[in-house]
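Each chain, letter by letter, is given below.
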Amino acid sequence: MEAMKSARKNDTGDVGSDLSEQIKAATKDNHVRAENTQLMLSYQKGQITLPQYKVLLCSLYEIYKALEEEMDRNASHPAVAPIYFPQELARLESLEQDLEHFFGSDWRKRVIVPAATHRYQQRLRQIGRENPELLVSHAYTRYLGDLSGGQVLGKITQKSLGLSSKEGLSFFSFPGVSSPNRFKQLYRSRMNSIELSEQQKEAVLQEAVAAFELNIQVFDDLQKMLSVTTEAAEQRPTGSSFPPPLITVQLAMGLCVALATIGVGMYSL
Ligand code: HEM
């Protein structure tokens, strides 16, 4: 009931019965928390580094792979069909291009993600199998975020990493969406057209809160993972810079041991 209560109470105390309004109100505090994670704060200060961006891309790849495969599988489900926009929104291919740009042609072997990403992915698979109507919560959290703050983050990434072209930044670009604001309006109206019982609506709101929390946990784990790899790189005798051109087996092993020690856990492809 908590999500429904916070969906009713926003600043103005005036949230209608539309799912799009309720979901925004229900996740308002979580959005603030997501913006204030260390990783997102680095972003907003224009201090995102290449190692940070690369590990973020790896996790986004795993998350969108699960999200988009589950959306595709449930494309004709009555709660998914209205918000199914693969042409306009799908991110998987663009993430693959970006990963290839930064890691090279054998990028698939180099994708490493922390335990939180694995948990996020598992949750998406589970709801895809058991409660496809909850996919709307996850699609909302990621895609509307990408079309909102994500657009600014794309420009910051280009500047922070000193990239001269758009290469490596496909994730932020939506060639099928000419006006993000107009598209978001269409998306909200489609969300509002989904027929849900009160119980299902409450579950969708709760799942959106959970989706934000999963993102926050991913950002926090990535931050921990980076501080461990940076320390490991600093302890390497040759004084070579981080990130190395190749993630060596030695570093990956050292990273696993270090992560296990701090209890984070790690999942790798
Ligand atoms: C640096 C971090 C972030 C910034 C600066 C940021 C900024 C913004 C801004 C300016 C909006 C538009 C608000 C509006 O139109 O009323 C927005 C909307 C949104 N953001 Fe973020 N955001 C950030 C991180 C995130 C993250 C990490 C997520 C989720 C994973 C997220 C999900 C969303 C969603 C779902 C919306 C749409 C809200 C709605 O209209 O219903 N944002 N964000």
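Description of the structure in this document. What you are looking at is a predicted structure, and each value in this text was computed from that prediction instead of being measured.

Applying the stated criterion across every chain, the model contains nine aromatic pairs. Between tyrosine 64 and tyrosine 143, the aromatic rings sit 5.9 Å apart at their centres with planes inclined by 55°, giving tilted as the arrangement. With tyrosine 64 in helix α5 (residues 50-73) and tyrosine 143 in helix α10 (residues 135-146), this residue pair connects regions lying 79 residues apart in the sequence. Under the relative-accessibility criterion, tyrosine 64 is labelled buried at 0%. Ring plane angle 40° and centroid distance 6.1 Å describe the contact between phenylalanine 85 and tyrosine 187, whose orientation is recorded as tilted. With phenylalanine 85 in the loop between α5 and α6 (86-89) and tyrosine 187 in helix α12 (residues 180-193), the pair connects residues that are 102 residues apart, well separated along the chain. For the pair formed by phenylalanine 85 and tyrosine 187, the shared burial category is buried. Site record: aromatic cluster; members linked through ring pairs are Tyr53, Tyr64, Phe102, Tyr143, Phe171 and Phe172. Of note, lysine 54 hangs over the ring of phenylalanine 103, and the distance from its end group to the ring centre comes to 4.7 Å. Sitting above the plane of the phenylalanine 174 ring, arginine 91 keeps its charged end 3.7 Å from the centroid.

Attention now moves to the side chain of threonine 117. Assignment of secondary structure puts threonine 117 in helix α9 (residues 115-130). Look at threonine 117 and you get buried, because its relative accessible area is 1%. Setting aside anything within four residues of it in sequence, one finds threonine 117 in contact with Ser59, Glu62, Ile63 and Val218.

A few words on the site of the ligand. Inspection of the region around the ligand gives 18 residues, with Lys24, His31, Tyr140, Ser148 and Arg188 positioned closest. Lysine 24 is positioned with one of its side-chain polar atoms (N or O) 2.6 Å from an oxygen atom of the ligand. Counting atoms within 2 Å of the grid points, the majority share of the ligand lands in the largest pocket. Looking at the shell around the ligand, the elements with two or more residues in it are α3 (28-35), α4 (38-44), α10, α11 (149-160) and α13 (198-234). Of all the elements, α10 adds the most residues to the shell around the ligand, at five residues.

On to the side chain of glutamine 223, then. One can find glutamine 223 in helix α13. The class of glutamine 223 is buried, set by a relative accessible area of 14%. Glutamine 223 has contacts with Gln38, Leu39 and Gln52, leaving out every residue within four places of it along the chain.

Counted by the stated rule, this structure contains 10 salt bridges. The partner of glutamate 70 in a salt bridge is arginine 73, with the nearest N and O atoms 2.5 Å apart. One end of the pair is glutamate 70 and the other is arginine 73, both in helix α5 and three residues apart, which spans about a single turn. Across the pair arginine 108 and glutamate 96 runs a salt bridge whose closest N-O atoms are separated by 3.8 Å. In this pair, arginine 108 sits in helix α8 (residues 107-110) while glutamate 96 sits in helix α7 (residues 92-103), placing the two residues 12 residues apart along the sequence. Glutamate 96 sits in the partly exposed class, given a relative accessible area of 21%. Each member of the salt-bridge network shares a partner with another, and the members are Lys65, Glu69, Glu70, Arg73 and Arg125.

One way to put it is that α9 packs onto α10 with a least axis distance of 9 Å and a crossing angle of 140°. If you check the angle between α9 and α10, you find them oblique. In contact with Tyr120, Arg123, Leu124, Ile127 and Gly128 of α9, α10 contributes Leu135, His138 and Arg142. Here the residues of the contact of α9 with α10 are counted per class, giving four nonpolar, two polar and two charged.

Looking now at the coordination of the iron atom of the ligand. Between any two of four tetrahedral donors, the ideal angle at the metal is 109.5 degrees; between two of six octahedral donors, it is 90 or 180 degrees. Coordination of the iron atom of the ligand by the protein comes from a single atom, His31 (NE2), at 2.1 Å. Within the element layout of this structure, histidine 31 appears in helix α3.

Calculation notes
- Residues numbered from 1 in each chain as written.
- Predicted model: local features only at pLDDT ≥ 70, side-chain atom pairs only at ≥ 80, totals over all residues.
- Heavy atoms only, no water.
- Phe/Tyr/Trp six-rings, centres within 6.5 Å; stacked < 30°, edge-to-face > 60°.
- Helix = DSSP H or I, 4+ residues; strand = E, 2+ residues; numbered from the N terminus.
- Buried < 20%, exposed > 50% of the residue type's maximum accessible area, 1.4 Å probe, protein only.
- Lys NZ or Arg CZ within 6 Å of the ring centre and 35° of its normal.
- Contact = heavy atoms within 4.5 Å.
- Near = heavy atom within 4 Å.
- Polar contact = N/O pair within 3.5 Å; in protein donor to acceptor, adjacent residues only side chain to side chain.
- 1 Å grid on protein atoms, 1.4 Å probe; cavity = no way out; pocket = protein on both sides within 12 Å on 5 of 7 lines; lining within 4 Å.
- Sits in = over half its atoms within 2 Å of the grid points.
- Salt bridge = Lys/Arg side-chain N within 4 Å of Asp/Glu carboxyl O.
- Axes fitted to C-alpha atoms, helices over the stretch in contact; angles between N-to-C directions.
- Parallel < 35°, antiparallel > 145°, perpendicular 65-115°, else oblique.
- Nonpolar A, V, L, I, M, F, W, Y, C, P; charged D, E, K, R; others polar.
- Donors = N, O, S within 2.8 Å, 3.2 Å for Na, K, Ca; no water.

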